[in-house]
Amino acid sequence: MWSLLLMGLAGLLIGGAYTFFQQKSARWIPISFALLAVMSLVAAYMFTLQN
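Residues numbered from 1 in each chain as written. Predicted model: local features only at pLDDT ≥ 70, side-chain atom pairs only at ≥ 80, totals over all residues. Heavy atoms only, no water.

A. Looking closely at unusual backbone geometry. Even without glycine at this site, Lys-24 takes up a positive phi of about 55°. Assessed through its relative accessible area of 71%, Lys-24 is described here as exposed. (Buried < 20%, exposed > 50% of the residue type's maximum accessible area, 1.4 Å probe, protein only.)

B. Local environment of the environment of Ala-34. Here Ala-34 lies in helix H2 (residues 28–49). Each C-alpha atom of the pair Ala-34 and Ile-14 lies 5.8 Å from the other, and the pair is 20 residues apart in sequence. (Helix = DSSP H or I, 4+ residues; strand = E, 2+ residues; numbered from the N terminus.)

C. Region of the structure containing the environment of Met-46. Turning to its location among the elements, Met-46 is positioned in helix H2. Judged by relative accessible area, Met-46 falls into the partly exposed class, the value being 48%. Residues Met-46 and Ala-17, spaced 29 residues apart in sequence, show a C-alpha to C-alpha distance of 23 Å.

D. Structural context of the environment of Ile-31. Mapping Ile-31 onto the fold places it in helix H2. For Ile-31, a relative accessible area of 52% corresponds to the exposed category. Between the C-alpha atom of Ile-31 and that of Ile-14, which follows or precedes it by 17 residues, the distance is 9.8 Å.

E. Main features of the side chain of Ser-3. With respect to the helices and strands, Ser-3 occurs in helix H1 (residues 2–22). Those residues within four positions of Ser-3 in sequence are excluded, and the remaining contacts are Ala-44, Phe-47 and Thr-48. (Contact = heavy atoms within 4.5 Å.)

F. How the structure looks around the packing of H1 against H2. Axis separation between H1 and H2 bottoms out at 8 Å; the angle between their running directions is 165°. Relative to H2, H1 is oriented roughly antiparallel. Of the two possible hands of crossing, H1 and H2 adopt the one that is left-handed. On H2, the residues that touch Trp-2, Ser-3, Leu-6, Met-7, Leu-9, Ala-10, Leu-13, Ile-14, Gly-16, Ala-17, Phe-20 and Phe-21 of H1 are Ile-29, Pro-30, Phe-33, Ala-34, Leu-36, Ala-37, Ser-40, Leu-41, Ala-43, Ala-44, Phe-47 and Thr-48. For the contact of H1 with H2, the residue count by class is 20 nonpolar, four polar and no charged. (Axes fitted to C-alpha atoms, helices over the stretch in contact; angles between N-to-C directions. Parallel < 35°, antiparallel > 145°, perpendicular 65-115°, else oblique. Left-handed = near helix turned anticlockwise from the far one by under 90°. Nonpolar A, V, L, I, M, F, W, Y, C, P; charged D, E, K, R; others polar.)

Here's what the structure looks like:
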């Protein structure tokens with residue numbers, strides 16, 4: 001359950017990073033969104049290992 005929510009969150013964060021990249025915003029904003037998305041995917045993978 002939690003892994004699915006975290007994967008969905010990662011998808012939203014990747015979309016946000018792509019949108020900010022297209023808007024030519026400050027470079028640290030899409031990088032931070034992408035980093036948070038990767039962290040969310042890693043957390044989802046860790047949740048799947050618990051079972």
